[in-house]
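For reference, the chains in residue letters:
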Amino acid sequence: MVNYREKIAEILAEAGTGLSYEELLDTIEAPVDKSMGDYAFPCFKLAKAMRKAPPLIAKEITEKIADNPLFEKVEAVNAYVNVFISKEAFLHSVIGEVIKVGDNYGRSTQGEGKTVIVEFSSPNIAKPFHIGHIRSTVIGNAIYKLYDFLGYNTIRINHLGDYGTQFGKMICAYRKWGKKEDVEREPIKTLLSYYTKFHEEAEKDPSLNDEARAIFAALEKGSPEEVALWKWFREESLKEFNRVYDMLGISFDSYAGESFYSDKMPRILEELEAKGLLQESQGAQIVDLTEKGLPVALITKSDGSTLYITRDIAAGVYRKEHYDFYKNIYVVASQQNLHFKQWFTIVEMLGYDWAKDCVHVPFGLVSLEDGTMSTRHGRVVFLEDVLNRAVEQTKQIILEKGVNTDQTEETAKIVGIGAVIFQELSNNRIKDYTFSWDKVLNFEGETGPYVQYTHARACSVLRNAGDSAAKIGDGSKLDMHYLRGDAAFELARMIYEMPNVIVDAAERYEPSVLTRHVVDMAQAFNRFYHEEHILVDNEAEKEAKLALVSAARIAIGNGLGLLGIKAPEKM
Ligand code: ARG
């Protein structure tokens, strides 16, 4: 596919402007108002070196470059060279490329040989996997897919919260009041109820806390009975988490959670000690970060047990040594901004230059229409319940519409779950947002179902076209002047932009950039679909239009796929 910006920079470089190719690339603009050209080159910068007035320079350059089959016309307007690209050449280039590479449209090799770790989801064992966790899970998965598509070697890590003093409490509570069958039947809700009961009872009888502490100490020392119980809690919780991951179509390369680093802590403490960074404070050990403008970081408690932050430092060191990452990305709520600043800084103070390659990708809170969710008050909304409800409601909508009876179940799953994922990725990630059922499942708004429906519509046009769709071939023989109309051309332009959008979304760790573009493509497709008759009698016209439909279907399908959403062929 022709990269117009680069091509124009090359042509300008040959025409002789005194600017380097890179400077030219930077200078070329893409006017929003297309009456000023698809691309425009301002000549102000050249005036000094060329000792001429910019409008004159614009005129001279225009004369030199105008005669090129890639351009429809080139105009000098004041100090600008306005370039109008040949619509037909453009259409051939874009549509030909999409047909050629298909599902790989937008894929690149820019990341070859570089490893990117994306850590996401990371729920806590024996705690609810609730609606709040959807953000890290879905945003992280999209970021992983973007980097993977750009050719990076990607590692997905689920840094499970599977360690800490709360497990002493949980084991203690289980021994006192627990039942095996109950845990097996409903692990998380049951374990959580033990945990809550423990806190109630400990208020009346504080000695329970000492008991729990002793149990955790035994667990840390590797006492078989405690370890077995902890392992069992972990496995049962994972079964529940995996049910949700299956629904979302998400998997991980590693579940190395906090516990994985328990034996890697002494080394970190030694390194901190050797660098003179550790200080004693009331029996605990701290790193003083005041000079860096940050609060003190607590590294070990007075009883010697390590903390969340210590495990993150150990995990960072391990990941560098084990994976030799180019980037180590953490998709974690913005409430933990300070935590990440602190430990990235500590890693830097330890002399590790890869501290700069660690990226915290924060996101805002999700709340529910009927008030903020609160774990403490037991108003937990389980993610699994939300997904099931989305599927159920979608099924009702499909049944009301009275279509698609043979595949209702399957379609309801694809659309219901896709709708939740899409809504999650629609907003700029840093913004807090309110989860709204009306918005999620609206088939007309800028939603997942709308885009999926558009994809299915494109599939249906291609199915109904019969033989003609097969005659498109590689697209090189098509008569593209049939696609000169505004609606068709605008759609092609958006398909052309897709690879840039993918790069941009990845670089900014912002899947919503792609979501936005996918919605724009769907809207452009529907405008084309409504304004133009596609399956016309004239075979040449029909084939050109079908080629565009096919390219749009591929681009929209790829976009959805990168967001982690399935693209149904029928709806
Ligand atoms: N388990 C933590 C929580 O639920 C998130 C872990 C984030 N990742 C990390 N490396 N600290 O809040």
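Computed from a prediction, not measured in an experiment: that's the story for all the values here.

A. Representation of the site of the ligand in the model. Taken together, Glu 119, Ser 122, Asn 124, His 159, Tyr 308, Asp 312, Tyr 330, Val 332, Gln 336 and Phe 340 form the complete shell of residues around the ligand. One of the side-chain nitrogen or oxygen atoms of Asn 124 is found 2.7 Å away from a nitrogen atom of the ligand. Within the contact set of the ligand, a nitrogen atom lies 2.6 Å away from a side-chain nitrogen or oxygen of Tyr 308. Here the ligand has 340 Å² of accessible area as a free molecule, and 86% of this is covered by the chains. Of the residues assigned to the shell around the ligand, the class counts are four nonpolar, four polar and two charged.

B. Highlighting the packing of helix H7 (residues 166–177) against helix H11 (residues 224–248). One can describe the packing of H7 onto H11 by two numbers: an axis separation of 11 Å at closest approach and a directional angle of 95 degrees. Here H11 runs roughly perpendicular to H7, going by the angle between their axes. From H7, Phe 167, Met 170, Ile 171, Tyr 174 and Arg 175 reach across to H11, where they touch Glu 225, Glu 226, Leu 229, Trp 230, Trp 232 and Phe 233. Classifying every residue of the contact of H7 with H11 by side-chain character gives eight nonpolar, no polar and three charged.

C. Here's a closer look at the pattern of salt bridges. Scanning all chains against the criterion turns up 36 salt bridges. The shortest N-O distance in the salt bridge between Arg 234 and Asp 162 comes to 2.9 Å. Of this pair, Arg 234 sits in helix H11 while Asp 162 is found in the loop between strand S5 (153–157) and H7, placing the two residues 72 residues apart along the sequence. Of the two residues, Arg 234 and Asp 162, both sit in the buried class. Residue Asp 520 is joined to Arg 516 by a salt bridge in which the shortest nitrogen-to-oxygen separation is 3.1 Å. Of this pair, Asp 520 and Arg 516 both sit in helix H21 (residues 511–531), four residues apart, which is roughly one turn of that helix. In this structure Asp 520 comes out as partly exposed when scored by relative accessible area, which is 23%. A network of salt bridges, in which partner residues are shared, links Asp 38, Glu 490 and Arg 493.

D. Summary view of the pairing of strand S9 (residues 327–331). Among the five residues in S9, four count as buried, and that is most of the element. Alignment of S9 against strand S10 (residues 358–361), held across four bridges, turns out to be parallel. The residue bridging Asn 328 from the neighbouring strand is Cys 358, located in S10.

E. Structural detail: the nonpolar core. Within the largest apolar cluster, 155 residues are counted, with the highest numbers of intra-cluster contacts made by Phe 41, Ile 329, Phe 435, Ile 495 and Leu 514. If you look at the next biggest cluster of nonpolar residues, it comprises 33 residues, including Ile 157, Leu 278, Ile 299 and Phe 325.

F. Region of the structure containing helix H9 (residues 187–204). Over its 18 residues, H9 runs 26 Å from end to end, which matches the ideal 26 Å to within 8%, given 1.5 Å per residue. By the burial criterion, the buried members of H9 are Pro 187, Ile 188, Thr 190, Leu 191, Leu 192, Tyr 194, Tyr 195, Phe 198 and Ala 202. Residues of H9 that are buried sit in contact with H7, helix H8 (180–185), helix H10 (207–221) and H11.

G. View of the sheet that holds strand S7 (residues 284–287). Strand order across the open sheet formed by three strands is S6-S7-S8, with antiparallel pairing between neighbours. Sheet topology places strand S6 (278–281) and strand S8 (297–300) at the edges, where each strand pairs with a single neighbour. Averaged over all pairs of adjacent strands, the angle between strand axes in this sheet comes to 45 degrees, irrespective of strand direction. Strand direction decides the pairing type here: S6 and S7, joined by four bridges, are antiparallel. Looking at the pairing, Ser 281 lines up with Ala 284 of S7.

Reading guide: rules and limits
- Residues numbered from 1 in each chain as written.
- Predicted model: local features only at pLDDT ≥ 70, side-chain atom pairs only at ≥ 80, totals over all residues.
- Heavy atoms only, no water.
- Near = heavy atom within 4 Å.
- Polar contact = N/O pair within 3.5 Å; in protein donor to acceptor, adjacent residues only side chain to side chain.
- Areas by Shrake-Rupley, 256 points an atom, 1.4 Å probe, with all protein chains shown as cover.
- Nonpolar A, V, L, I, M, F, W, Y, C, P; charged D, E, K, R; others polar.
- Axes fitted to C-alpha atoms, helices over the stretch in contact; angles between N-to-C directions.
- Helix = DSSP H or I, 4+ residues; strand = E, 2+ residues; numbered from the N terminus.
- Parallel < 35°, antiparallel > 145°, perpendicular 65-115°, else oblique.
- Contact = heavy atoms within 4.5 Å.
- Salt bridge = Lys/Arg side-chain N within 4 Å of Asp/Glu carboxyl O.
- Buried < 20%, exposed > 50% of the residue type's maximum accessible area, 1.4 Å probe, protein only.
- Pairing = 2+ DSSP bridges.
- Core = buried A, V, L, I, M, F, W, Y, C linked by side-chain atoms within 4.5 Å.
- Expected span 1.5 Å × (residues − 1).

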